[in-house]
Amino acid sequence: MNSKIAEAIKLRSHPVAVLYEDHTPEDALQFTPGRRACVISLLIAASKGRTAAFTEETTPCPGGKAGLGFDKFPPFLENLLSSGNENLPGEFYKKTPELVKNYISGFPRVEKSNCVVLKPLDLVMESETPLAVIFLVNADQLSGLVTLANFDSPTQENVKIHFGAGCAQAICYAAVGNQLGNKDCFIGLTDPSARKYVDKDLLSFTIPYCRYLEMESNVENSFLVHETWQSLSKRIEQSRD
């Protein structure tokens, strides 16, 4: 499944499809059960051409396990993400535990699956339907995706940035949106704890699959084939050197 969008924005990596599956693909990268690791590291692997998979047993991070729909948020996160306590250093991402509790209570309901799979979009088979597509982009490429997301819409709030863990930002919000028929796109990887797993100039831009198909069909009739974008395309290509 090739992507006109990826070609137009000169994407360096593979667009990554998010799928919910009953079984783990045989060749998928997985974390070793019990070993602490971040979901984003396998997202990066998928963007480089590998298939990655997560199950309840192989998702060791409590926040990642909740964000992917395998479990509830554990109570200790209220202190961990805020000011901490005598037994747990805080990360101070929220001012108080109460604000973290409020965030958790408003977290979107994630449909539980046996396995969450991240795979390069060009490896998705015709029989498979992704929930979302993730692009890892620099600032120029982000400008193109944000503009394309608003290209055919009468509203101007079609791209959002939500607070959350990197996995929630890059995977969960758009995947849940697709299940609900919501077409909002999400900028992600602003989570400081996730930043160390990605290049310093990259953010994620995730599109619900139902919206991705519409945006893909608009590429050839949009600004992406005209002069202003072509000049930016040259800059993007030059930045690879």
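Now for a look at the structure at hand. (Residues numbered from 1 in each chain as written. Predicted model: local features only at pLDDT ≥ 70, side-chain atom pairs only at ≥ 80, totals over all residues. Heavy atoms only, no water.)

A word on the sheet that holds strand β3 (residues 115-120)
The following threshold applies: A pair of strands is treated as paired once DSSP finds two or more bridges between them. The secondary structure listing takes helices from DSSP runs of H or I that are at least 4 residues long and strands from runs of E that are at least 2 residues long, numbered from the N terminus. Contacts: residue pairs with any heavy atoms within 4.5 Å of one another. Helix axes use the C-alpha atoms of the stretch in contact, all axes being lines fitted to C-alpha atoms, and the angles between their N-to-C directions lie in the range 0 to 180 degrees.
Strand order in the open sheet formed by seven strands is β2-β3-β1-β4-β7-β6-β5, and the pairing between neighbours is mixed. The outermost strands of the open sheet, each flanked by one partner alone, are β2 (52-54) and β5 (159-160). Of the pairings in the sheet, the one linking strand β4 (residues 132-137) to strand β7 (residues 203-208) comprises six bridges and is antiparallel in character. Pairing of Phe 135 across the sheet is with Phe 205, part of β7. Helix α7 (residues 166-180) rests against β1 (16-21), β3, β4, β6 (185-188) and β7 of the sheet, and its axis sits at about 10° to β7.

Re the packing of aromatic side chains
To keep things clear, this is the line we draw: The pairing test for Phe, Tyr and Trp rings, Trp by its six-membered ring, is centres within 6.5 Å, and the orientation test on the planes gives stacked under 30 degrees, edge-to-face over 60, and tilted for anything in between. With a 1.4 Å probe rolled over the protein chains alone, any residue whose accessible area is under 20% of its type maximum counts as buried; one over 50% counts as exposed, and the rest are partly exposed. Geometrically, a charge over a ring is one whose NZ (Lys) or CZ (Arg) sits within 6 Å of the ring centre while staying within 35 degrees of the ring normal.
Enumeration according to the criterion identifies ten aromatic pairs in this entry. Ring geometry for Phe 135 against Tyr 212: centres 6.4 Å apart, planes inclined by 35°, an arrangement best described as tilted. Residue Phe 135 is found in strand β4, and its partner Tyr 212 is found in helix α9 (residues 209-218); the two are separated by 77 residues along the sequence. Accessibility expressed as a relative area gives 2% for Tyr 212, which makes it buried. Seen from their ring centres, Phe 223 and Trp 229 are 6.0 Å apart, and the 85° between their planes marks the pair as edge-to-face. Joined through ring pairs, the aromatic side chains of Phe 73, Tyr 103, Phe 107, Phe 163, Tyr 173 and Phe 186 make up one cluster. Its end group placed over the ring of Phe 163, Lys 94 keeps NZ or CZ at 4.7 Å from the ring centre.

Some words on the packing of helix α6 (residues 139-150) against helix α10 (residues 227-238)
Under the convention used in this document: For classification, angles of less than 35 degrees are called roughly parallel, those exceeding 145 degrees roughly antiparallel, those between 65 and 115 degrees roughly perpendicular, and all remaining angles oblique. For any helix crossing, the convention is left-handed if the near helix is rotated counterclockwise from the far helix by under a right angle, and right-handed if that rotation is clockwise. Three classes are used, and their members are as follows: Ala, Val, Leu, Ile, Met, Phe, Trp, Tyr, Cys and Pro are nonpolar, Asp, Glu, Lys and Arg are charged, and the others, Gly among them, are polar.
Relative orientation of the contacting elements α6 and α10 amounts to 150°, with a least axis distance of 10 Å. Between α6 and α10, the angle is such that the two are roughly antiparallel. Note that α6 runs across α10; the crossing there is left-handed. Residues Asp 140, Gln 141, Ser 143 and Gly 144 of α6 pack against Trp 229, Leu 232, Arg 235 and Ile 236 of α10. The residue inventory of the contact of α6 with α10, partitioned by class, reads three nonpolar, three polar and two charged.

With respect to the pattern of salt bridges
Applicable threshold: By definition here, a salt bridge exists when the distance from a side-chain nitrogen of Lys or Arg to a carboxyl oxygen of Asp or Glu is within 4 Å.
Per the stated rule, a full pass over the model turns up eight salt bridges. A salt bridge links Asp 184 to Lys 160; the shortest N-O distance between them is 2.9 Å. Taken as a pair, Asp 184 in the loop between α7 and β6 and Lys 160 in strand β5 lie far apart in primary sequence, 24 residues in all. Taking the relative accessible area as the measure of exposure, Asp 184 reaches 13% and is therefore buried. Lys 183 is paired through a salt bridge with Glu 214; the nearest N and O atoms lie 2.5 Å apart. Of this pair, Lys 183 sits in the loop between α7 and β6 while Glu 214 sits in helix α9, placing them 31 residues apart in sequence. A residue is classified by how much of its surface remains accessible, and Glu 214, at 26% relative accessible area, is partly exposed. Each member of the salt-bridge network shares a partner with another, and the members are Asp 152, Lys 183, Arg 211 and Glu 214.

Focus on the nonpolar core
Keep this limit in mind: To qualify as a nonpolar core, a set must consist of buried Ala, Val, Leu, Ile, Met, Phe, Trp, Tyr and Cys residues joined through side-chain atoms within 4.5 Å.
Among the nonpolar cores identified, the biggest contains 39 residues, and Ile 40, Leu 43, Phe 54, Phe 107, Leu 118 and Ile 171 are the most heavily contacted of them. Of all the secondary-structure elements, those providing two or more residues to this core are β1, α2 (39-47), β2, α4 (77-80), β3, β4 and α7. Tallying contributions element by element places α7 first for this core, with eight residues. Look past the residues within four positions of Leu 43 in its chain and what remains in contact with it is Val 16, Leu 118, Ile 134, Leu 136 and Ala 170. If you look at the next biggest cluster of nonpolar residues, it comprises 31 residues, including Ala 17, Ala 28, Trp 229 and Ile 236.

Considerations on the pairing of β3
In terms of burial, β3 is a largely internal element, six of the six residues being buried. Side-chain alternation along β3 places Cys 115, Val 117 and Lys 119 on one buried face and Val 116, Leu 118 and Pro 120 on a second face that is also buried. Sheet topology places β1 next to β3; six bridges connect them, and they run antiparallel. Paired with Ala 17 across the strands is Lys 119, a residue of β3. With three bridges connecting them, β2 and β3 associate as antiparallel partners. Looking at β3, one finds that Ala 52 is bridged to Leu 118.

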